[in-house]
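Remarks on the overall topology
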Amino acid sequence: MMTASPSVFLLMVNGQVESAQFPEYDDLFCKYCFVYGQDWVPTAGLEEGISQITSKSQDVRQALVWNLPIDVTFKSTNPYGWPQIVLSVYGPDVFGNDVVRGYGAVHVPFSPGRHKRTIPMFVPESTSILQKFTSWFMGRRPEYTDPKVVAQGEGREAQPG
């Protein structure tokens, strides 16, 4: 008796993290990583990367241009857990320490072809008055130890206020 092996499909992702707009910040760099389900395996390319530090353009847009290349191939037997790209943007605070300036995530497009995505960015907020005061006093914003949590839904409820 022969059993059929599950069919495998490949997902090739190539493109770039082109630019960002952070009007209040300058001299930022970007990191990316992928989050995917347990049936997914990266088979070629890099599933994470880091850009150079860039300064704002001198035009009206004041864009921070990275053109950070992305090139990775995944294989899977199941579309569940479709890959998401997670971006983390960092820059110097007043003390010169690199601190998070934004996190964002988006699913890799489901259809083949050329796609352009604009990813809204956010920063985590302290949950208590004491934490807020301590982070203000110490000059350290709250940040995730693992940016991959950005691609998950837990703890993302909007806080009143």
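Conventions used here
- Residues numbered from 1 in each chain as written.
- Predicted model: local features only at pLDDT ≥ 70, side-chain atom pairs only at ≥ 80, totals over all residues.
- Heavy atoms only, no water.
- UniProt positions renumbered as here; feature names shortened; annotations may be inferred.
- Helix = DSSP H or I, 4+ residues; strand = E, 2+ residues; numbered from the N terminus.
- Buried < 20%, exposed > 50% of the residue type's maximum accessible area, 1.4 Å probe, protein only.
- Contact = heavy atoms within 4.5 Å.
- Areas by Shrake-Rupley, 256 points an atom, 1.4 Å probe, with all protein chains shown as cover.
- Pairing = 2+ DSSP bridges.

Per an unreviewed UniProt entry, the chain carries the name B9 domain-containing protein 1 and comes from Aotus nancymaae. Among the UniProt annotations of the chain, the heading Subcellular location (unreviewed entry) holds the following wording: "Cytoplasm, Cytoskeleton, Cilium basal body". Of the comments in the UniProt record for the chain, the one headed Subunit (unreviewed entry) reads "Part of the tectonic-like complex (also named B9 complex)."

Comments concerning the overall build of the chain
On a plain count of helices and strands, the chain comes out with one helix and seven strands. The linear arrangement of helices and strands in the chain, starting from the amino end, is β-β-β-β-β-β-β-α. Relative to its 161 residues, the chain shows a buried fraction of 32%. Sequence separation of at least 24 residues holds for 67% of the intrachain contacts in the chain that already meet a minimum separation of 6. Carbon and sulfur atoms provide 56% of the accessible area of the chain, an area that totals close to 11000 Å².

A closer look at the pairing of strand β2 (residues 29-35)
Here β2 lies mainly inside the structure; six of its seven residues are buried. Bridge analysis of β2 against strand β6 (residues 84-92) gives seven bridges, and the strand direction is antiparallel. Following the sheet pairing, Lys31 is matched in β6 by Ser88. For β2 and strand β4 (residues 48-50), the ladder comprises three bridges, and the chain directions are antiparallel. Residue pairing for β4: Lys31 is matched across the bridge by Ile50.

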